[in-house]
Amino acid sequence: MSQPLLQLHDVVAGYGPTTVLDNLSLNLYERERLAMIGRNGVGKTTALRAIMGLVPLRQGRILFQGEDISTLNPHERAQRGLGYVPQTRDIFPSLTVEENLLAGLKHRPRSALDEAYTLFPRLAERRYNGGTQLSGGEQQMLSVARALLGQPSLILLDEPLEGLAPLIRLELLRAFRLMAEITGIAVIIVEQQINEVLGYASRAVILDHGTVVHESEAQALLADSDILERWVGMAVH
Ligand SMILES: Nc1ncnc2c1ncn2[C@@H]1O[C@H](COP(=O)(O)OP(=O)(O)O)[C@@H](O)[C@H]1O
Ligand SMILES: [Mg+2]
């Protein structure tokens, strides 16, 4: 296999006296869709924040496209091609859908907005609506669409399906599939909706106490209820 797109080598990070990521190591390859799952509080969000440079490393290093990015700030990492959609949908509520998208364009032409509208036709219908008039699912679409306009080669999604109705979750997952097909982007997706995320992902890692305790093909994990019960604490139907 070629060189991984992203490598975490024995990453240690935390907040104050607390260690959250405890020798976290993982590899992600081009075009991969990696599900990161595990119980509440095991460090999934912290892992995404560390990749993005929002939490400093105490030990270890992070390589992106073969280069050490451990000391780069979040803005520099975004410029290298990392996109991040935090758990709290990160939109400007006082701006319209279109204004929110324009804010994500950076130096690209306005016509690039069509990419977002192709992926999320609902956003095209709502383009002049304000952020506060959107449903939770539409806010999530906007948040993802805006991150994609920066043309990242890897996007980090933190619980994008949280709090959304089943039909909206399906619509989002469909858009995430299309996104991967059209752009070839690699994805790390943290999610509690285990059935849905393992149906979407190609590979999965389970975190516990800030480290990887299990790794497999997503489909194989979906069939392994013992492992899921043990590390995620849920039966899969
Ligand atoms: N800003 C913070 N300050 C202090 N502790 C935090 C902070 N954010 C998260 N934590 C703690 O770090 C641990 C891991 O949190 P998190 O990465 O959010 O887990 P997950 O996303 O897997 O639920 C938890 O014990 C949480 O309470
Ligand atoms: Mg979290």
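Residues numbered from 1 in each chain as written. Chains lettered and ligands numbered in written order. Predicted model: local features only at pLDDT ≥ 70, side-chain atom pairs only at ≥ 80, totals over all residues. Heavy atoms only, no water.

1. Quick word on the sheet that holds strand 6 (residues 82-85)
Reasoning step 1: With mixed pairing, the six strands of this open sheet are ordered in space as 6-7-8-3-9-10. In this open sheet, the two strands that pair with only one neighbour each are strand 6 and strand 10 (211-217). For this sheet, the mean inter-axis angle between neighbouring strands, taken without regard to orientation, is 20°.
Reasoning step 2: Inspection of the sheet shows strand 6 paired to strand 7 (residues 154-158) by four bridges, in the parallel sense. Considered in strand 7, the bridge of Val85 is made with Leu157.
Reasoning step 3: Helix-sheet contacts for helix 1 (residues 44-52) involve strand 3 (33-37), strand 6, strand 7, strand 8 (186-190) and strand 9 (203-208), and the interaxial angle to strand 7 is about 150°. (Pairing = 2+ DSSP bridges. Helix = DSSP H or I, 4+ residues; strand = E, 2+ residues; numbered from the N terminus. Axes fitted to C-alpha atoms, helices over the stretch in contact; angles between N-to-C directions. Contact = heavy atoms within 4.5 Å.)

2. Topic: the packing of aromatic side chains
Note on aromatic pairs: each is described by the distance of the centres and the angle between the planes.
Reasoning step 1: With the rule as written, the count across this model stands at one aromatic pair.
Reasoning step 2: Positioned over the ring face of Tyr200 is Arg33, at 5.4 Å from the centre of the ring.
Reasoning step 3: One Lys or Arg, Arg127, reaches over the ring of Tyr117 and ends 4.3 Å from the middle of that ring. (Phe/Tyr/Trp six-rings, centres within 6.5 Å; stacked < 30°, edge-to-face > 60°. Lys NZ or Arg CZ within 6 Å of the ring centre and 35° of its normal.)

3. So, the side chain of Asp208
Reasoning step 1: The topology assignment puts Asp208 in strand 9.
Reasoning step 2: For the buried Asp208, no salt bridge exists, and the shortest N-O distance to an oppositely charged side chain is 4.5 Å, to Arg39.
Reasoning step 3: Here His209 takes part through its side chain, which lies 2.9 Å from a polar atom of the side chain of Asp208.
Reasoning step 4: Filtering out sequence-adjacent residues up to four positions away, Asp208 remains in contact with Val42, Val213 and Trp231. (Buried < 20%, exposed > 50% of the residue type's maximum accessible area, 1.4 Å probe, protein only. Lys, Arg positive; Asp, Glu negative; His and termini not counted. Salt bridge = Lys/Arg side-chain N within 4 Å of Asp/Glu carboxyl O. Polar contact = N/O pair within 3.5 Å; in protein donor to acceptor, adjacent residues only side chain to side chain.)

4. Brief notes about the side chain of Glu32
Reasoning step 1: Mapped onto the fold, Glu32 is located in the loop between strand 2 (18-28) and strand 3.
Reasoning step 2: The exposure class assigned to Glu32 is buried, which follows from its relative accessible area of 13%.
Reasoning step 3: Among the polar contacts made by the side chain of Glu32, one reaches the side chain of Arg203 at a distance of 2.5 Å.
Reasoning step 4: With sequence-adjacent residues up to four places away left out, Glu32 is seen in contact with Asn27, Ala186, Val187, Ser202 and Arg203.

5. Considerations on the sheet that holds strand 4 (residues 59-64)
Reasoning step 1: In spatial order, the strands read 2-1-4-5; together these four strands make up an open sheet with antiparallel pairing. Bordering the open sheet on either side are strand 2 and strand 5 (67-68), each of which pairs with just one other strand.
Reasoning step 2: Along the sheet, helix 1 contacts strand 1 (6-15), strand 2 and strand 4; its crossing angle with strand 2, the most-contacted strand, is approximately 70°.

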